[in-house]
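Listed here are the chains, written in short residue letters.
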Amino acid sequence: MISEEYLYAIALRECNQIGDINFHKLVRTFGSAQEAWKKAQKEYKGLEGMGQKTVADIGRQEHLKFAEEELKFCEKNNIRILLRYLNETPSLLNECTDAPAVLYQKGNVDNSLQKISIVGTRNMTSYGRQFIENFFETTQSYPYASVSGLALGADKEVHEQSIRYRKPTIAVLAHGFQFLYPSKNRKLSEKILQEGGALLTEFSSSRKPDRENFIQRNRIVAGISPSTIVVETGFGGGSVSTAAFANDYNRDVFALPGKITDNYSQGCNQLIFHNKATAISTIKDLVGMLGFNNPKEKIEELFPYSETTIQLTENQNTTYQSIKENPQISLDDLAQVLSISSHKILPIILELELLGKVKSFSGRQFIAI
């Protein structure tokens, strides 16, 4: 039997005006969801930023009735209920101020495993698919769990390659467990569970896959891992929001650069250009930046190249040499050294990043690789 605390936690989270942050305030003040349920309406004046309107919905019997049905559904379908304030949700996710108060999980994944979130467009090209395949092939000797969103395209490829290379994979859903969206991925979701992975959602069982849920879902994908890899995305794609959440949570973000004429590389290029992601030049470099150590087998480059095969233009070479002679030089200082306006230098630097010759840091500083 699931304890009463879970009943009151679900009921409390179902109340109007009680989002994840207000939920956390309530349980921190009253010590438990059950005590918050009983006392909040009378003692709300002691809560910072909460008025009568915020707590007006707490205590309604219909929410308790809803929670009772939810508990029955979870017990019947082998769904675990995880409460953040009891430290049952993933530890990295707990660090996020807007982390879900309640999570629902099917399956189990070793929480001690490093997690890597990998996201991308539903309209993935062969370029993105090849990168994902090569990434999993190269990292097969390392212990980690992948995280993605069970959408078509890049997400589907991530989960499938995880299963192929026997990596646990976590699919974060944008709906409750009465649904599976997209329905084409139902068999894949079953395979994820069979192969030691998990399905995870913050939404109660009857919650449909509404449009606004997907952005909300993306913060879990970003928050659960120390690193997020964006494979392909267009301007304003959903994966850009995942990268934004990861940046807000002070996590590492990596993006696969591509041609500026390719629609589904433009979002990645933009993230790199605005220093919101580190450009991926080779699998070898990426594996090192992800913190993997002591590989069991030789790591090959995703895009192997020889220094002699890269022919820099005059402007590229001049810029590269200046950065090489002045490690971590700022954009303004570089403009002064080259006697060129900064807006003319930025496109050259992006070209050098795509060639794997330059790496950018926050504050628009650069080093030669």
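What this report covers is the structure whose coordinates are included nearby. (Residues numbered from 1 in each chain as written. Predicted model: local features only at pLDDT ≥ 70, side-chain atom pairs only at ≥ 80, totals over all residues. Heavy atoms only, no water.)

1. As for the overall build of the protein
In terms of helices and strands, the protein carries 16 helices and 12 strands. Across its three principal directions, the C-alpha atoms of the protein cover 75 × 45 × 35 Å. By the burial criterion, 53% of the 369 residues in the protein qualify as buried. Residue pairs at least 24 apart in sequence account for 69% of intrachain contacts in the protein once pairs closer than 6 positions are excluded. For the protein, the computed accessible surface area is about 17,800 Å², with 46% contributed by carbon and sulfur atoms. The protein carries 42 positive and 42 negative side-chain charges, and their two centres are separated by 4 Å. (Helix = DSSP H or I, 4+ residues; strand = E, 2+ residues; numbered from the N terminus. Buried < 20%, exposed > 50% of the residue type's maximum accessible area, 1.4 Å probe, protein only. Contact = heavy atoms within 4.5 Å. Areas by Shrake-Rupley, 256 points an atom, 1.4 Å probe, with all protein chains shown as cover. Lys, Arg positive; Asp, Glu negative; His and termini not counted. Charge placed at Lys NZ, Arg CZ, Asp CG, Glu CD.)

2. Focus: the side chain of T233
With respect to the element layout, T233 can be found in the loop between strand 7 (227-230) and helix 11 (238-248). Residues in contact with T233, not counting those within four places in the same chain, are T121, S239, V240, N263, Y264, S265, Q266, G267 and C268.

3. Quick notes on the packing of helix 1 (residues 4-14) against helix 5 (residues 61-76)
Contact geometry for helix 1 and helix 5: axes closest at 8 Å, N-to-C directions at 125°. Judged on the interaxial angle alone, helix 5 and helix 1 are oblique. The two elements helix 1 and helix 5 cross, and the hand of that crossing is right-handed. Facing Y6, L7, Y8, I10, A11 and E14 of helix 1, the residues of helix 5 in contact are H63, L64, F66, A67, E68, E70 and L71. By residue class, the composition of the contact of helix 1 with helix 5 is nine nonpolar, one polar and three charged. (Axes fitted to C-alpha atoms, helices over the stretch in contact; angles between N-to-C directions. Parallel < 35°, antiparallel > 145°, perpendicular 65-115°, else oblique. Left-handed = near helix turned anticlockwise from the far one by under 90°. Nonpolar A, V, L, I, M, F, W, Y, C, P; charged D, E, K, R; others polar.)

4. Some points on the sheet that holds strand 12 (residues 365-368)
Strand order in the open sheet formed by three strands is 10-12-11, and the pairing between neighbours is antiparallel. The open sheet has two edge strands, strand 10 (329-330) and strand 11 (358-361), and neither has a second partner. Where strand 11 meets strand 12, four bridges bridge the pair, whose relative direction is antiparallel. Note that in strand 12 the partner of S360 across the bridge is F366. Its contacts with the sheet place helix 14 (residues 314-325) against strand 10, strand 11 and strand 12, and it is angled at close to 95° to strand 12. (Pairing = 2+ DSSP bridges.)

5. Description of the layout of surface pockets
Within this model, the largest pocket holds a volume of roughly 390 Å³. Along the wall of the largest pocket there are 21 residues; nearest its centre are R122, N218, G237, G238 and S239. Of all the elements in the fold, those that place two or more residues in the lining of the largest pocket are helix 10 (211-223) and helix 11. Residue contributions to the lining of the largest pocket peak at six residues, all from helix 10. Its residues placed into classes, the lining of the largest pocket shows seven nonpolar, 10 polar and four charged. Its volume calculated, the second largest pocket comes out at about 330 Å³. Lining the second largest pocket are 15 residues, with N247, D252, V253, N275 and T278 sitting closest to its centre. For the lining of the second largest pocket, the secondary-structure elements that each account for two or more residues are strand 8 (252-255) and strand 11. Of the residues that constitute the lining of the second largest pocket, the class distribution is five nonpolar, six polar and four charged. (1 Å grid on protein atoms, 1.4 Å probe; cavity = no way out; pocket = protein on both sides within 12 Å on 5 of 7 lines; lining within 4 Å. Points joined across faces, edges and corners; volume = space filled by probe spheres on them.)

6. Thoughts on the sheet that holds strand 3 (residues 114-119)
Reading across from one edge, 1-2-6-5-4-3-7-8-9 is the order of the nine strands in this open sheet, with mixed pairing throughout. At either margin of the open sheet sits one strand with a lone partner, and together these are strand 1 (80-83) and strand 9 (278-279). Against the sheet, helix 9 (residues 186-194) makes contact with strand 2 (102-107), strand 5 (169-172) and strand 6 (198-201), and its axis sits at roughly 115° relative to strand 6, the strand it touches most. Strands strand 2, strand 3, strand 4 (144-148), strand 5, strand 6 and strand 7 of the sheet are contacted by helix 10, whose axis makes an angle of about 155° with strand 5.

7. A few points about helix 16 (residues 342-354)
In this model, helix 16 (13 residues) spans 19 Å end to end at C-alpha, consistent with the 18 Å of a helix rising 1.5 Å per residue. Buried residues of helix 16: I345, L346, I348, I349, L350, L352 and E353, and no others. On the buried face of helix 16, the contacting elements are helix 12 (266-273), strand 9, helix 14, helix 15 (331-338), strand 11 and strand 12. (Expected span 1.5 Å × (residues − 1).)

8. Focus: empty space enclosed by the protein
What the rule picks out here adds up to three cavities of 30 Å³ or more. The computed volume of the largest cavity comes to approximately 50 Å³. R122, G149, L150, A151, L173, A174, H175, Y181, P182, F214 and R217 are the residues that line the largest cavity.

9. Section: the side chain of E5
Inspection of the secondary structure puts E5 in helix 1. Although E5 is buried, it forms no salt bridge, and the closest oppositely charged side chain is K38 at an N-O distance of 8.6 Å. There is a polar contact of 2.5 Å between the side chain of E5 and the backbone nitrogen of A33. Polar contacts involving the side chain of E5 include one to the main-chain amide nitrogen of Q34, which spans 3.4 Å. Those residues in contact with E5, other than ones at most four positions away along the chain, are S32, A33, Q34, L83 and Y85. (Salt bridge = Lys/Arg side-chain N within 4 Å of Asp/Glu carboxyl O. Polar contact = N/O pair within 3.5 Å; in protein donor to acceptor, adjacent residues only side chain to side chain.)

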